[in-house]
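# Secondary and tertiary structure notes
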Amino acid sequence: MLFKLAWGNVRRAGRDYLVYLLTLTLAVTVFYAFNTISVQVDIAGVGAQNPGMGETLGGIISGLTVFLAFVMGFLMVYANNFIMKRRKKEFGLYQVLGMSRGQVARVMTLETVFVSLAALVLGVALGLVLSQLMVFFTASLFKTQISNFRFFISPSALFMTVGCLVAIFLVTLVFNLRVVARARVIDLMSAGRQNETIKARNPWVSAAIFVLGLAAIIVAYVRLLHDGLPYDGQPEAMQAFLITTLIVVVGTILFFFGLSGFLLKALQGARGLYWRGLNMVTIRQLAAKVNTVSFSMAIIAMILFLAITSVTTGMSLASVMNSTVERGTPVDYTTSVMYYSQAIADEWNADPTISGGEGGVTFAAPTEPVDLMAMSANQTLNADTPDAQPFDLASIAGSYVQVDAYDSTPRGASKPLVTLKDLCDAVDMPLPAGTESSDVDSLGLQVISASNYNDYLAFRGMETLDMPADGYTLLSDMGETVNRVYDAVLKQGVELDLGGFKLHPVQDHVNADASVFVNSMMGMNSGTLVVPDAVLAALDLPPYTSYLLVNYAAGANDPESDAYIAAPRRYNDVIDAAGNIVGGWGAEATRSTTYESVNSMNGLISYLAIYIGFVLVVACAAILTIQQLSGVSDAGKNYRILSELGTSTRQISHSVLSQQTIFFIFPVVVGIAHSVVALSVIVDLIELFGGLTIAGMVSFTALIFLISYGGYFCVTYLMSKGIVRDAIRARHAA
Amino acid sequence: MGKHSAPNPQVAAPVAPTAPATFAHAGGAAAAQQPVLDVRHIEKVYGSRNNVTRALADVSFTVMRGEFVGIMGASGSGKSTLLNCVSTIDAVTSGNVLVNGADVTAMKSAKLTRFRREQLGFIFQDSNLLDTLTARENIALPLTISRVPAREVLMRVEAVAQRLSIKEVLDKYPYQMSGGQQQRVAAARALVTDPAIIMADEPTGALDSKNARLLLECFETMNRDYQATVLMVTHDSFAASYTHRVLFIRDGRIFTELRRGTSTRQEFFERIMEVVAMMGGEGSDAL
Ligand SMILES: Nc1ncnc2c1ncn2[C@@H]1O[C@H](COP(=O)(O)OP(=O)(O)O)[C@@H](O)[C@H]1O
Ligand SMILES: [Mg+2]
C-alpha cells in the first residue's frame, strides 16, 4: 500500500524529481567514468610508458571523488529540500487523513529509494558507455596509442560510486525525515506560497546595494592588479590579499543582491521599454525571486570563477611544459653531481648518525670538480643480483661535455659576490614575481668559466663566445620575467665588480637556448654567470654543481641506450682522490623520459582540471535549474492569469526565457570577469616558467563546459515551458 | 479587428450623480441592435466514457450592447462552466458562441488569444491579480500586452482608476490591498481595454457586504458611464439585484429569466428571491 503510494508520488511529482534524478544520474555517470581511470590508463597504453601512472592517477581521482561527493551531496540535499518544501502541505494532508508519522516517513524513504535506485542504474549504464569512450580521450590527453581496446567494467570504480551514492542517499534521507517530522497539520492551513517572498525590496535601496557591490568588485580588481598574488607569504601581503578576497566576495554578494532592483530602476527609467509587452512582468518576476536566489547566484558566480581559473591555470601550466620541453631537452641524457659545501661537510662529519662515527665515512668540500664520466663507473647496474656489473656510461656515450659550475660565495666568505637582487637593483627593476622570497639576498648565481662554456657551446654545435679579460655574460633558461632582468643587465652594460675585477657584458641579451644544462620539462637554470678563466681562478670559488651532457653513440633517442639508462642501478657516493665523499648524484634524465613525463604531467593536470571543473559546473547549473523550475511553478498562477488576459503562450515563454537567461548568464559573466582579472595576475607567475598559452585544450574544455551549462539552460527552459503550459491549461474555476 | 465605436475611457463624460438604488435602465433600448453576445444551443460534457458529467445542456441566450446581465444558480449548476465557455477559456462540446457576430467556437488558438485580449474582460472570485505587480501595472497589463504606447497606457490607467475610486492604491501590491480593493483593481483591469463584454464569476463571493456593495456600484458605473456590457455570475440575490436581467440556471439548463424593467433595485431583489425560493430553496443558501 505504502509502496504504491510512494511510487505514485514519484510519478506525480515527476517534474520535481526529474531534475533531481537528472543531476544524480549525471553525478553517478561522472563518478564512475572518472574512477575507472586506472583501467583506462592501462588500455590507453599510458602504463607501458609510465609504470605506476595508473595507480597514481587512480589514487588522486578517488581522493578527489570523495571531495566532490561532498559537493554533490550538498547539491542533492539542496535539490531535495526544494522538492520537500513544496510537499510539506502534502505530508500534512496525509496526517490529517489519519496516516501516522511513521507511515509518512516510510513513504518518504521509499520515494528516495526509488529515485536513488533509478539514478544508480541509469548512471552506471551511462558511466559504462562514457568510460569506454573516455579511453580514447585519455589516450589523446596522454599522447599514447591504444594498445588493445576491450570492453571493461571496473569493480573498484563501481564500489566507489555506490559508496558515494549510498552516502548521499543517507544524508538526503535524514533531511527528508526531518521535514516529515516537522510537517504539522498547521502547514495545511497556511497553504500556498507565503507572501513574504513577494515583498519586493525598495528598488532604490536595491539599486544602491548593486552600485555598492559593483564598486567593491572594481576596488578588489584594482587592488589585485596592483598588489599581485602573495607569492612570498609575507604577512602584510597575505593580509592585503585576504582583504581583497573578502572585498570581492562581499562585492559579488551585494552585486547579486541588488541586481534585480537595479534592473528594475534602470528599465523603469526607460518608460517606453518598461510599459511594453510583458517587460514589466519579466522584471517584476525577477525582482520577486531575488530574495530567495541572489545569494546562491553569488555563490555560483564564485564557484564558476574557481572552476574557470583552476582549469585555465592547470591547462596553461601543462601547455607551458609542452612548449618548453623541446628547448629544455637538448641532448639524449644528462646527469649531475651536487657538491657539498664546507659547512655541510663539517656538520655531517660531526654527526655520528650520518658519518657513522669511528671507522665511518668522511665528508669534504671538493677542491676541484670530479670527472663525472669516470665517476659514473662507480655506480652498479642490477646491484644485489647475480649479474651485478659496473655502470659503463662510456659504452653508450658518443659525444659528451661536462660543465662545472661554482658557487658565487668565495671560500671563507659569507656573502655571494652577485645575486639576482643585486642585478635587479642595478637595472632598477623589481624582483620578478615568484622570486621575492626572504632569502633572495643570500642566494647567489652560479659561475662557470668561459672556456668551459665554449666547450659546451661547441658540443651543442653552437658558435663559441669570444671572452675578453674583463668580459662576462649571463645564462638562464627560465621564462620571461627572470630573463627580462638579465636582458636589461646585459643591454645596459652593467659593470660587475667581482672581488676587484670589473667586468662588462659581451652579449646584449640572454641566449636561453644556449643555457640548458639538464634535460627537464621546464627551465632549471635560473641564473649562471660566465666569467674569464683567469677571473674564476683568482676568485677561489668552491665547486657547486657539475653537469654531464651526453649524446648517444647509437644516435638520438636510441631505445637500447635508453633502456641501458633505465635499468635498475645503485648510485654510489661521489668521492675525491682521497676517498672523501664530496657530493651526491643529482637528477638525471634522458630525452625520452622527459618527453614522456611531460605528456603524463599534461595528461594528469588536464584530467584533474576537467574532472573538477566539470563537476563544479554541473553542480552550479543544476542548482540554477532547480531554482528556476521551482520559481516557474510558483509563478504558475501568474502565467495562467496572463493567458486569461489574452497573452499568447509564445509571449509568456519569451518572458520566462528572458528571466532564465538573466539568471544563467549573470553568474557566468561575473565568474568570467573575476577569472580574467585573476588570470591576468596568475599569468605573471606562469610566465616565470615560459609564458602562458591558451592552448586548444583549454578552448576544448571551455566548449565542453559551455555545452553542459547550456544544456542545463535548455533543459530548464523546455521544462519551464511545459510547466507554464500545464499551469495555463489548468481550469480556473471549479 | 476589435475596433468598435464605444467611447474611450479617457474622454468619457463626467460622472452623473445618480442614486444607484433608484437607477432604472431599460434594457429594451438596445434590443433593436445586433446582440453583442449570441449563445446558441451550447453543450458541455466533462469526463470520458464511464464517468460523464453534462455540465451544460442546450443553453441559448443573447446579450445586447450595454446590458448588465446576471446568471444565478445553485453551486454546481454550471454557472462557471457557462461563463468559461462563453469567455473562450474552455471549449464547448457542441453549439456556437458569437461575439459581435464572430463565432468564437470556430477560432484557432492564436486568433482566440487575440480575440480574448481585445474583446473580453474578466473578473474572478479571487481577484486574479499578478502578485508581483503593483495595481497600476496590473491594470496596465492588458494594454501593454496589446502594445499600446506607454503614454497612452498610463493615461488610460489613471482615467479608469479615477472613475472606480482606486487612485490611492495604484502603487500598492495586491498583498497590501483589501479584498475589495483588489476586486476593484481587477474590475479596472477588465474595463481598461474597453472590451465588448466584461465577464465576472462570483466577483463578490469573497467580499464582506460593504465591499461587495462598493464593487457592485463599480459595475454600475462601468455599465452606465462606459456603456460596458457586463455578464455576472453570482449565487447572491443581492448582487443579482444590481443587474438588468437575471438568467437562472439549474442542472446545466436555463430554468427561467427575470427582467428588471422599470422596477427599483429593492423590488427586483424581492422578485429574484421569489424565483430562488421557487427553485426549491437551492439558491436561498446564497443569501
Ligand atoms: N474540469 C471539470 N471536470 C469534470 N467536471 C467538471 C469540471 N468542472 C466542472 N465540472 C462539473 O460540472 C458541473 C458544473 O460545475 P460549475 O460550472 O463549476 O458549477 P458552478 O455553478 O458552481 O460554478 C459540476 O457538476 C462540476 O462537478
Ligand atoms: Mg463556480
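Because the structure is predicted, anything quoted here is derived from the model rather than measured.

Here we take up the overall build of chain A. A tally of helices and strands in chain A yields 25 helices and 14 strands. Out of the 734 residues in chain A, the part that is buried amounts to 52%. Of the contacts made within chain A by residues no fewer than 6 positions apart, 85% connect residues no fewer than 24 positions apart. For chain A, the accessible area works out to roughly 31900 Å², and carbon and sulfur atoms hold 64% of it.

Right, let's talk about the side chain of Gln181(B) for a bit. Relative to the helices and strands, Gln181(B) is located in helix H5 (residues 179-191). When sequence neighbours within four positions are dropped, the list of residues in contact with Gln181(B) reads Glu168(B) and Val169(B).

On to the packing of aromatic side chains. Counted according to the given criterion, the structure contains 19 aromatic pairs over all chains. A ring pair is formed by Phe664(A) and Phe713(A), whose centres lie 5.1 Å apart and whose planes are at 70 degrees; its orientation type is edge-to-face. With Phe664(A) in helix H24 (residues 649-687) and Phe713(A) in helix H25 (residues 696-729), this pair connects stretches of sequence that are 49 residues apart. Ring centres of Phe238(B) and Tyr242(B) lie 5.5 Å apart, and the angle between their planes is 80 degrees; on these two criteria the pair is classed as edge-to-face. Since its relative accessible area comes to 1%, Tyr242(B) is described here as buried. By the ring-pair criterion, three or more aromatic residues cluster together here, those being Phe210(A), Phe255(A), Phe256(A), Phe262(A) and Phe666(A). A cation over an aromatic ring shows up here: Arg569(A) above the ring of Phe391(A), its NZ or CZ 3.9 Å from the ring centre.

A word on the pattern of salt bridges. Within the structure shown, the criterion is met by 22 salt bridges over all chains. We note a salt bridge from Asp384(A) to Arg570(A), for which the minimum N-O separation is 3.4 Å. With Asp384(A) in the loop between strand S2 (380-381) and strand S3 (389-390) and Arg570(A) in strand S11 (residues 569-570), this residue pair connects regions lying 186 residues apart in the sequence. Across the salt bridge formed by Arg136(B) and Glu158(B), the nearest N and O atoms sit 2.8 Å from each other. Of this pair, Arg136(B) sits in helix H3 (residues 135-145) while Glu158(B) sits in helix H4 (residues 150-163), and the two are 22 residues apart along the sequence. Residue Arg136(B) is classed as buried on the basis of its relative accessible area of 15%. Here the residues in one salt-bridge network are Glu67(B), Arg245(B), Glu257(B) and Arg259(B), joined through shared partners.

Quick look at the sheet that holds strand S2 (residues 51-63) of chain B now. All names here are of chain B. Overall, antiparallel pairing links the 4 strands, which are arranged S2-S1-S4-S5 in an open sheet. Strands at the two margins of the open sheet, each flanked by one partner only, are S2 and strand S5 (102-103). Alignment of strand S4 (residues 94-99) against S5, held across 2 bridges, turns out to be antiparallel. What sits directly across from Val99, in S5, is Ala102.

Okay, the interface of chain B and chain A next. The interface is formed by 36 residues belonging to chain B together with 32 residues belonging to chain A. Of the roughly 3000 Å² buried where chain B meets chain A, counting both sides, 60% is carbon and sulfur surface. In this structure, the connection of chain B to chain A is made through 1 salt bridge. As a salt-bridge pair, Glu137(B) and Arg284(A) come within 2.8 Å of each other at their nearest N and O atoms. The interface formed by chain B and chain A includes 9 residue pairs in polar contact (both at pLDDT 80 or more). Going through the elements one at a time, helix H1 (79-86), helix H2 (109-119), H3 and H4 of chain B are the ones with two or more residues in the side of chain B that touches chain A. Take the side of chain B that touches chain A: its biggest share by element is 7 residues, from H3(B).

Below, the discussion takes up the pairing of strand S10 (residues 543-552) of chain A. In the case of a regular strand, side chains alternate between the two sheet surfaces. Residues and elements named next belong to chain A. In terms of burial, S10 is a largely internal element, 8 of the 10 residues being buried. In this sheet, S10 lies alongside strand S1 (residues 333-339) in antiparallel orientation, the contact comprising 6 bridges. Bridge pairing in S10 links Tyr333 to Val550. Looking at chain direction, strand S4 (residues 397-407) and S10 are connected through 8 bridges and run antiparallel. For Val403, the partnering residue across the bridge sits in S10 and is Tyr547.

This part takes up helix H23 (residues 636-644) of chain A. In terms of residue burial, H23(A) counts as a mostly covered element, since 8 of its 9 residues are buried. Of the residues one or two after H23(A), Gly646(A) is the one with positive phi, at around 100 degrees.

So, on to unusual backbone geometry. Residues and elements named next belong to chain B. The residue Asn100 is not glycine, and still its phi comes out positive at about 50 degrees. Tracing the backbone through its elements, the reader meets Asn100 in the loop between S4 and S5. Residue Asn100 is classed as partly exposed on the basis of its relative accessible area, which comes to 27%. Residues other than glycine seldom take positive phi values, yet Gln227 does so here, at roughly 55 degrees. Within the fold, Gln227 resides in the loop between helix H6 (209-225) and strand S8 (229-234).

Before going further, it helps to examine the packing of helix H6 (residues 101-141) of chain A against helix H7 (residues 155-182) of chain A. All names here are of chain A. Packing of H6 against H7 leaves a shortest axis separation of 10 Å and a crossing angle of 155 degrees. As summarised for this structure, H6 and H7 are arranged roughly antiparallel, according to the angle between their axes. Relative to H7, the crossing made by H6 is right-handed. Mapping the contact onto sequence places Arg101, Val104, Ala105, Met108, Thr109, Thr112, Val113, Ser116, Leu120 and Val124 in H6 and Leu158, Val162, Leu165, Phe169, Thr172, Leu173, Asn176, Leu177, Val180 and Ala181 in H7. For the contact of H6 with H7, a count of residues per class yields 14 nonpolar, 5 polar and 1 charged.

This part is about the sheet that holds strand S6 (residues 120-123) of chain B. Residues and elements named next belong to chain B. With mixed pairing, 6 strands are arranged side by side in an open sheet as S6-S7-S8-S3-S9-S10. Strands with a single pairing partner mark the edges of an open sheet, and in this sheet they are S6 and strand S10 (253-259). Put simply, the sheet's adjacent strands are angled 20 degrees from each other on average, direction ignored. Note: strand S3 (residues 68-73) against S8, 5 bridges, orientation parallel. Bridging from a neighbouring strand, Met72 pairs with Thr234 of S8.

Together, Leu93(A), Val96(A) and Leu97(A) make up an exposed nonpolar region whose accessible area comes to about 280 Å². For Val96(A), the location among the structural elements is in helix H5 (residues 53-96).

Here we come to the confidence of the model for chain B. All names here are of chain B. Overall, the prediction assigns chain B a mean pLDDT of 83, with 86% of residues at 70 or greater. Mean pLDDT across the elements of chain B bottoms out in H2 (82) and peaks in S3 (94). Note on residues 1-31: pLDDT under 50 across the span, and 44 contacts to partners over four residues away in sequence or across chains. Low pLDDT, under 50, characterises residues 282-287; the stretch is placed with 10 contacts to residues that sit more than four places away or in other chains. Reported for the predicted complex are a pTM of 0.71 and an ipTM of 0.77.

A few words now on the side chain of Ser260(A). As for its placement among the helices and strands, Ser260(A) is situated in helix H10 (residues 235-269). Setting aside residues up to four positions removed in sequence, Ser260(A) forms contacts with Leu286(A), Ala287(A) and Val290(A).

The next thing to look at is the pairing of strand S9 (residues 245-250) of chain B. Residues and elements named next belong to chain B. Most of S9 sits inside the fold, with 5 of its 6 residues counted as buried. Sheet analysis places S9 next to S10, joined by 6 bridges and oriented antiparallel. For Arg250, the partnering residue across the bridge sits in S10 and is Arg253. Here S9 folds back onto S10 in antiparallel fashion, the turn holding 2 residues, of which Asp251 has a positive phi close to 50 degrees.

Attention shifts here to H10(A). Structural remark: α-helix, 3.6 residues per turn; residues separated by three or four positions point the same way. In this model, H10(A) (35 residues) spans 48 Å end to end at C-alpha, consistent with the 51 Å of a helix rising 1.5 Å per residue. Residue Leu259(A) marks the point of greatest curvature in H10(A), where the axis turns by about 45 degrees.

About the cut-offs
Residues numbered from 1 in each chain as written. Chains lettered and ligands numbered in written order. Predicted model: local features only at pLDDT ≥ 70, side-chain atom pairs only at ≥ 80, totals over all residues. Heavy atoms only, no water. Helix = DSSP H or I, 4+ residues; strand = E, 2+ residues; numbered from the N terminus. Buried < 20%, exposed > 50% of the residue type's maximum accessible area, 1.4 Å probe, protein only. Contact = heavy atoms within 4.5 Å. Areas by Shrake-Rupley, 256 points an atom, 1.4 Å probe, with all protein chains shown as cover. Phe/Tyr/Trp six-rings, centres within 6.5 Å; stacked < 30°, edge-to-face > 60°. Lys NZ or Arg CZ within 6 Å of the ring centre and 35° of its normal. Salt bridge = Lys/Arg side-chain N within 4 Å of Asp/Glu carboxyl O. Pairing = 2+ DSSP bridges. Buried area = accessible area lost by both parts, 1.4 Å probe. Polar contact = N/O pair within 3.5 Å; in protein donor to acceptor, adjacent residues only side chain to side chain. Axes fitted to C-alpha atoms, helices over the stretch in contact; angles between N-to-C directions. Parallel < 35°, antiparallel > 145°, perpendicular 65-115°, else oblique. Left-handed = near helix turned anticlockwise from the far one by under 90°. Nonpolar A, V, L, I, M, F, W, Y, C, P; charged D, E, K, R; others polar. Patch = residues over 30% accessible without salt bridge, like charges linked within 9 Å, V, L, I, M, F, W, Y side chains within 5 Å. pLDDT = per-residue confidence, 0-100. Expected span 1.5 Å × (residues − 1). Bend = angle between axes of the 7 residues up to and from the residue.

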